[in-house]
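What the coordinates show
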Amino acid sequence: MERILSLLPSTTELAAALGLGDRLVGRSHECDVPAAVARLPAVTEPRIDPAAPSHVLDERVKALVREGLSIYRVDAERLRALRPDVILTQTQCEVCAVTPRDLEAALGEWLGAPPRLVAVHPETLDDVLDDFVRVAEGCGVGERGRALRTEQRGRIEVLSDRARRAATRPRVAYLEWIDPLMGAGTWIPELVSRAGGEPVLARTGGDAAWSSWAELHDADPDVVVIGPCGFDLARTRSELAPLVAAAEWPQLRAVRDGRVFLVDGFLHMSRPGPRIAESLEILAELLHPDLFDLGYEAKGWAPL
């Protein structure tokens, strides 16, 4: 039975959903679903304090990238001791999780046949779903991945069809970072659209782009959704001060109409795993409460 090391939360959760939980031998420091993975040794740690304020995190991350340094440390000795046959990682974002580059030192000193790297790179919603199959095939259970993709796609299509019946399609600014401002990227604008909204300040299928107060003010969205990458609801609420203190904030239509919402960017929106359909359901519920009452309030989203 092959031993699996997963280095990002979405693939750890995916491995468990594919029935491979008993084959996991290690994880990243952020992997937390299912709860049983807490017993596994973590082989990574951040080089920066994840509890620092948003603007400090942004400055330190940019400084490390400018210096050509990784955001994460890999415990090469522990990794080798775990003797994984397969390592699940990603090639999408240096900031979000460990990349193959971060593994070079550990793998360069490997004795014997090195482990297989299975890397995901989701940019669109289809990519997220196809990665279920990529990871499953990389672990020798391709059929399970195809079944999971079919199940999640089915939920997504059913909800999308229902959202099309909405009487209105509000213009939605989804913020992936607060200080400085960042609009939505990758699969998130697709989720907003399928949930019955019109995304603004967004880049579908591409990296999220830095924005500005001038752009947000000019867009004047009907709804603002705040879901910083890697932040849960409590952390997001604790970071709101720079946003709500800005002179332009009370001028926004969404603020005046009471249509500002927080979403869980850690467990849901920014995690392209086997609960991607839940992310869509969360957005649909907060955008169109007349059509959707799915029980996510206070768990997946909350009003400002």
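Just above sits the structure.
Residues numbered from 1 in each chain as written. Predicted model: local features only at pLDDT ≥ 70, side-chain atom pairs only at ≥ 80, totals over all residues. Heavy atoms only, no water.

Scanning the chain from N- to C-terminus turns up 13 helices and 13 strands. Contacts spanning at least 24 positions in sequence make up 68% of the contacts within the chain whose residues lie at least 6 apart. Accessible surface, the chain: about 13,100 Å² in total, of which carbon and sulfur atoms supply 51%. (Helix = DSSP H or I, 4+ residues; strand = E, 2+ residues; numbered from the N terminus. Contact = heavy atoms within 4.5 Å. Areas by Shrake-Rupley, 256 points an atom, 1.4 Å probe, with all protein chains shown as cover.)

What the 4 strands build is an open sheet, ordered E2-E1-E5-E6; its pairing is parallel. Among the strands making up the open sheet, the edge pair consists of strand E2 (24-26) and strand E6 (116-120). The mean angle between the axes of side-by-side strands here comes to 35 degrees, regardless of whether they run parallel or antiparallel. Note that strand E5 (residues 86-90) and E6 share 5 bridges and pair parallel. Bridging from a neighbouring strand, Thr89 pairs with Ala119 of E6. Running at roughly 175 degrees to E6, helix H5 (residues 125-138) makes contact with E5 and E6 of the sheet. (Pairing = 2+ DSSP bridges. Axes fitted to C-alpha atoms, helices over the stretch in contact; angles between N-to-C directions.)

Take helix H13 (residues 276-287) next. Over its 12 residues, H13 runs 17 Å from end to end, which matches the ideal 16 Å to within 8%, given 1.5 Å per residue. Buried residues dominate H13, accounting for 12 of its 12 residues. Listed in full, the buried residues belonging to H13 are Ile276, Ala277, Glu278, Ser279, Leu280, Glu281, Ile282, Leu283, Ala284, Glu285, Leu286 and Leu287. (Expected span 1.5 Å × (residues − 1). Buried < 20%, exposed > 50% of the residue type's maximum accessible area, 1.4 Å probe, protein only.)

Take the packing of helix H6 (residues 142-163) against H13 next. H13 packs onto H6 with a crossing angle of 15 degrees between their chain directions and a minimal axis gap of 9 Å. Compared by their axis directions, H6 and H13 come out roughly parallel. Between H6 and H13 lies a crossing whose hand is left-handed. Of H13, the residues touching H6 (which contributes Gln152, Arg155, Ile156, Leu159 and Ser160) are Ile276, Ala277, Glu278, Leu280, Glu281 and Ala284. Of the residues contributing to the contact of H6 with H13, the split by class is 6 nonpolar, 2 polar and 3 charged. (Parallel < 35°, antiparallel > 145°, perpendicular 65-115°, else oblique. Left-handed = near helix turned anticlockwise from the far one by under 90°. Nonpolar A, V, L, I, M, F, W, Y, C, P; charged D, E, K, R; others polar.)

Take the nonpolar core next. The biggest cluster of nonpolar side chains holds 49 residues, and the ones touching the most others in it are Ile276, Leu283 and Leu286. Here the element with the most residues in this core is H13; it accounts for 8 residues. Discounting chain neighbours no more than four positions away, the residues touching Ile276 are Leu125, Val128, Leu129, Phe132, Gln152, Ile156, Trp187, Leu191 and Arg271. Counting 19 residues, the second largest nonpolar core, distinct from the first, contains Ile178, Val224, Ala246 and Ala254. (Core = buried A, V, L, I, M, F, W, Y, C linked by side-chain atoms within 4.5 Å.)

Another point: the environment of Leu240. By the element assignment, Leu240 lies in the loop between helix H9 (233-238) and helix H10 (241-244). Accessibility expressed as a relative area gives 6% for Leu240, which makes it buried. Once the C-alpha coordinates of Leu240 and Ser54 are considered, the two residues, 186 residues apart in sequence, prove to be 9.6 Å apart. When sequence neighbours within four positions are dropped, the list of residues in contact with Leu240 reads Ile178, Ile226, Leu262 and Leu304.

Burial along strand E12 (residues 260-263) is two-sided: Val260 and Leu262 and Phe261 and Val263, pointing in opposite directions, are all buried. Direction of pairing for strand E11 (residues 223-226) relative to E12: parallel, over a ladder of 3 bridges. Residue Val225 lies in a different strand from E12, and its bridge partner there is Phe261. Bridging between E12 and strand E13 (residues 301-303) involves 3 bridges; their strand directions are antiparallel. By the bridge assignment, Phe261 is partnered in E13 with Pro303.

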